[in-house]
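# Inside the fold
Below, each chain spelled out in residue letters.
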Amino acid sequence: MVDGARPPRPGEELDPAALGQLLARELGEPEGALAIEQFPSGHSNLTYLVRAGGHEWILRRPPFGSKVKTAHDMGREYRILSKLHAVYPPAPRPILYCEDVSVLGAPFYLMERIKGVILRRQIPEGVSLTPETLRKMGESLIDNLAVLHQIDFKAAGLGDLGKPEGYVERQVTGWTRRYADSQTDSIPEIDASAKWLEANRPPESGAGIIHNDYKYDNVVLDPADLTRIIGVLDWEMSTVGDPWMDLGTTLGYWVQEDDGFELQALGFGPTHLPGNPTRKELAARYAEKTGRAVTHLSFYYAFALFKTAVVLQQIYYRYRKGLTKDERFSIFIEGVRVLAQAAARAAETGKV
């Protein structure tokens with residue numbers, strides 16, 4: 001059931017000799033006894049399993065061919081984990097940061113490996129998800145998000161992580177611009193959603209540490225108790241911002257049993273199976289755990305769908321331009337269409 005790695009994809013191999021020399025120098029690991037595998041999921045930063053000297057680490061580096069440095073800042077991600085792990089144990093403990101691009105062609109960092117179950121499109125063999133288990137898992141997922149949002153980020157040394165003032169406005173304008181910069185096809189629903197989001201921005205709800213990509217495939221579950229979260233991964237987009245925007249992101253990934261087939265086909269996890277809480281139930285539980293009722297929920301949900309559509313568009317743009325050869329990305333434009341339609345529908349109906 002534990003999440004596993006495979007041989008690296010062609011073109012995404014790492015230099016074991018260069019990495020081994022670094023580990024020997026920085027961590028005292030013997031050169032030559034090095035094994036490198038890659039975790040096949042994920043669409044942004046690349047993740048590898050490194051074994052040496054009886055130890056295991058996770059290595060994170062930017063995707064090959066990417067020119068968007070601000071979206072793949074390994075140093076920033078490392079610094080966040082260095083402060084966050086002490087106050088939020090599910091965040092992995094960072095081990096080593098290397099900004100010398102001569103080693104692996106880009107900055108990268110190592111962190112501890114958290115062994116557990118990660119739920120993606122395909123449920124791992126041996127995992128049994130009863131309706132009761134799924135409900136408790138959903139509640140645990142949202143409870144853990146509420147804990148993150150209530151951390152005193154200034155006391156944790158993360159007060160300079162982001163600029164919470166004007167966060168919602170910057171998100172709407174920024175993601176609208178990113179779509180324009182990566183557009184390849186005409187999708188009217190994207191344009192309509194962008195206009196609606198600009199016209200219906202709510203006031204800021206507050207400030208907290210937000211993950212910005214919080215969903216099942218970024219969460220590590222205890223193999224002995226799937227309702228217990230033992231790790232939260234992929235902090236590349238985390239910042240200090242509006243917590244309700246982060247809640248909206250999670251709801252945007254939460255495809256329900258009564259959602260259309262096309263939305264379910266995107267496969268963000270087992271959230272559509274019987275027993276799962278609904279998006280409204282998750283929002284109500286979040287309000288209960290934080291003591292703050294969430295208003296303007298349809299905005300946060302519509303924005304999350306819009307943002308995810310733009311993320312897929314950026315990845316598809318890289319594929320179309322030949323900056324990546326990963327064939328998984330060849331059909332991402334269809335995901336952009338589906339998410340854009342869902343965002344426009346949420347904006348029009350106000351339903352979550």
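Residues numbered from 1 in each chain as written. Predicted model: local features only at pLDDT ≥ 70, side-chain atom pairs only at ≥ 80, totals over all residues. Heavy atoms only, no water.

### Quick look at the pairing of strand E8 (residues 225-232)
In this sheet, E8 lies alongside strand E7 (residues 219-222) in antiparallel orientation, the contact comprising four bridges. When the bridges of E8 are listed, leucine 221 appears paired with isoleucine 229. Counted along the chain from E7 to the antiparallel partner E8, the turn is two residues long. (Pairing = 2+ DSSP bridges. Helix = DSSP H or I, 4+ residues; strand = E, 2+ residues; numbered from the N terminus.)

### With respect to helix H4 (residues 131-149)
With 19 residues, H4 should reach 27 Å at 1.5 Å per residue; the first-to-last C-alpha distance of 28 Å fits that figure. By the burial criterion, the buried members of H4 are Leu134, Met137, Gly138, Ser140, Leu141, Ile142, Asp143, Asn144, Leu145, Ala146, Leu148 and His149. (Expected span 1.5 Å × (residues − 1). Buried < 20%, exposed > 50% of the residue type's maximum accessible area, 1.4 Å probe, protein only.)

### A word on the pattern of salt bridges
A full pass over the atoms with the stated rule returns 24 salt bridges. Of the charged contacts in the structure, one is a salt bridge between arginine 285 and glutamate 139, with a shortest N-O distance of 3.9 Å. In this pair, arginine 285 is assigned in helix H9 (residues 279-290) and glutamate 139 in helix H4, connecting sequence segments 146 residues apart. Ionic pairing is found between arginine 337 and aspartate 185, a salt bridge with its closest N-O pair at 3.3 Å. Within this pair, whereas arginine 337 is found in helix H11 (residues 332-349), its partner aspartate 185 is found in the loop between helix H5 (167-182) and helix H6 (188-199), the two being separated by 152 residues in sequence. Since its relative accessible area comes to 27%, arginine 337 is described here as partly exposed. Where salt bridges share partners, they join Glu37, Arg51, Glu56, Arg113 and Lys115 into one cluster. (Salt bridge = Lys/Arg side-chain N within 4 Å of Asp/Glu carboxyl O.)

### Section: the pairing of strand E3 (residues 55-61)
The side chains of a regular strand alternate, residue by residue, between the two faces of the sheet. With respect to burial, E3 is a largely interior element, five of its seven residues being buried. As defined by bridge partners, strand E2 (residues 46-52) adjoins E3 across seven bridges and the pair is classed as antiparallel. Bridging from a neighbouring strand, tyrosine 48 pairs with leucine 59 of E3. Turn length for the E2-E3 hairpin, with the two strands adjacent in sequence and antiparallel, is two residues, and the turn residue glycine 53 shows positive phi of about 55°. In the sheet, E3 pairs with strand E5 (residues 108-112) via four bridges, with the strands oriented antiparallel. In the strand pairing of E5, leucine 59 is matched with leucine 110.

### Thoughts on the environment of leucine 104
Here leucine 104 shows up in helix H3 (residues 101-104). For leucine 104, a relative accessible area of 9% gives the class buried. Once the C-alpha coordinates of leucine 104 and proline 16 are considered, the two residues, 88 residues apart in sequence, prove to be 9.1 Å apart. In contact with leucine 104, not counting residues within four places along its chain, are Leu14, Asp15, Leu19, Leu59 and Arg61. (Contact = heavy atoms within 4.5 Å.)

### Digging into the sheet that holds E2
Spatially, E1-E2-E3-E5-E4 is the arrangement adopted by the five strands of the open sheet, whose pairing is antiparallel. Where the open sheet ends on each side, the last strands, each with one partner, are strand E1 (34-38) and strand E4 (94-98). Across the sheet, the axes of successive neighbouring strands diverge by a mean angle of 25°, strand direction being ignored. Here E1 runs beside E2; their pairing, made up of five bridges, is antiparallel. If you follow isoleucine 36 over to E2, its bridge partner there is valine 50. Across the sheet, helix H1 (residues 16-27) lies against E1, E2, E3, E4 and E5, angled at about 120° from E1, the strand it touches most. (Axes fitted to C-alpha atoms, helices over the stretch in contact; angles between N-to-C directions.)

### Looking at helix H7 (residues 243-253)
Since there are 3.6 residues in each turn of an α-helix, residues three or four apart along the chain are aligned in direction. For H7, a buried count of 11 out of 11 residues is recorded, marking the element as mostly surrounded by other parts of the structure. Those residues of H7 lying buried are Pro243, Trp244, Met245, Asp246, Leu247, Gly248, Thr249, Thr250, Leu251, Gly252 and Tyr253. Packed against the buried residues of H7 are H4, H5, strand E6 (208-210), strand E9 (239-241), H9 and helix H10 (297-320). The N-capping residue of H7, defined by a side-chain oxygen 2.9 Å from the backbone nitrogen of tryptophan 244, is aspartate 242. (Polar contact = N/O pair within 3.5 Å; in protein donor to acceptor, adjacent residues only side chain to side chain.)

### Describing the side chain of asparagine 276
Inspection of the secondary structure puts asparagine 276 in the loop between helix H8 (261-264) and H9. A polar side-chain atom of asparagine 276 sits 3.1 Å from the main-chain carbonyl oxygen of threonine 271. Among all residues touching asparagine 276, those that are not within four sequence positions of it are Leu134, Arg135, Trp254, Pro270, Thr271 and Glu281.

### Side note on the nonpolar core
By size, the foremost hydrophobic cluster in this structure holds 87 residues, and its most contacted members are Leu84 and Phe306. With 13 residues, the single largest contributor to this core is H10. Not counting residues up to four positions away in its chain, the partners in contact with leucine 84 are Ala91, Leu148, Ile151, Leu158, Ile209 and Trp235. Counting 19 residues, the second-largest nonpolar core is a separate cluster that includes Ala18, Leu22, Leu34 and Trp57. (Core = buried A, V, L, I, M, F, W, Y, C linked by side-chain atoms within 4.5 Å.)

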